[in-house]
Amino acid sequence: MNKYVKRYLIDAMSGMAPGLFASLLIGTIIKTLGQQLLRLNGNPVFQILVDAGNFATEAHVVGAAMAVGIGFAMQVPALVLFSLVAVGAAANVTGGDGGPLAVLLIAIIAAEVGRLVSKKTKVDIIVTPAVTILAGALLTVLTARYIGMAASSVGKFVVWTTKLHPFWMGILVSVIIGIALTLPISSAAICAAFGL
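Here is a short report on the structure shown in this document. Computed from a prediction, not measured in an experiment: that's the story for all the values here. (Residues numbered from 1 in each chain as written. Predicted model: local features only at pLDDT ≥ 70, side-chain atom pairs only at ≥ 80, totals over all residues. Heavy atoms only, no water.)

## Concerning the packing of aromatic side chains
Then, in step 1: In this structure the tally under the stated criterion is three aromatic pairs.
Then, in step 2: Here the aromatic rings of Tyr4 and Tyr8 are separated by 6.1 Å at their centres, their planes lie at 15°, and the arrangement is stacked. Note that Tyr4 and Tyr8 are positioned in helix α1 (residues 2–41) at a spacing of four residues, about one turn of the helix.
Then, in step 3: With relative accessibility at 43%, the residue Tyr4 sits in the partly exposed group.
Then, in step 4: A ring pair is formed by Phe157 and Trp160, whose centres lie 6.1 Å apart and whose planes are at 40°; its orientation type is tilted. (Phe/Tyr/Trp six-rings, centres within 6.5 Å; stacked < 30°, edge-to-face > 60°. Helix = DSSP H or I, 4+ residues; strand = E, 2+ residues; numbered from the N terminus. Buried < 20%, exposed > 50% of the residue type's maximum accessible area, 1.4 Å probe, protein only.)

The following block contains the structure:
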């Protein structure tokens, strides 16, 4: 059980973070910097920063970066890793607001399916990417929209209850986030609890 907790909860989620940072977060920083420089100076040369930021923050780029981060952290073979680009892009776009959760779940499964066939045939260059992408595409078509809707509905519920009772919900959300960051459900505590 310990190796699965580490592989799917800790490694995969930890790998997802740099993928998200290297696309959405840094793209937003670059775009904002470009917008501010354009507003202050007006020199069209700064438009390249806005354009670069826009490219990096597109949903399919962010999904691909997260999926590759997940695969890299799981140490999958190279052909599986490269195939996760298509899987992550599809899952994030199809998952909508809950796309990152869809990417996490679908990329893990597609990576494991791809790993099962990797280096098992003489035509690995065809079989491994085809199996990885098809597994990811099938999962995306069947589940990504629903995963995204479920994740989004939780967020909408929190927003609705916060508007309904701002004081009490503010306290509740603060307590839950505080617990998530400090008690034994943090990734460091999970590692320690399972001896990882």
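Read on for the rest.
## Quick notes on the nonpolar core
Then, in step 1: Ranked by size, the top nonpolar core spans 23 residues in total, and within it Ile70 and Met74 carry the most contacts.
Then, in step 2: For this core, the elements supplying multiple residues, two or more each, are α1, α3 (59–73), α4 (78–95), α5 (99–117) and α6 (124–164).
Then, in step 3: When residues in this core are grouped by element, the largest group, eight residues, is from α5.
Then, in step 4: Apart from residues no more than four positions distant in its own chain, Ile70 is found in contact with Ala12, Gly15, Met16, Val103, Leu104, Ala107 and Ile108. (Core = buried A, V, L, I, M, F, W, Y, C linked by side-chain atoms within 4.5 Å. Contact = heavy atoms within 4.5 Å.)

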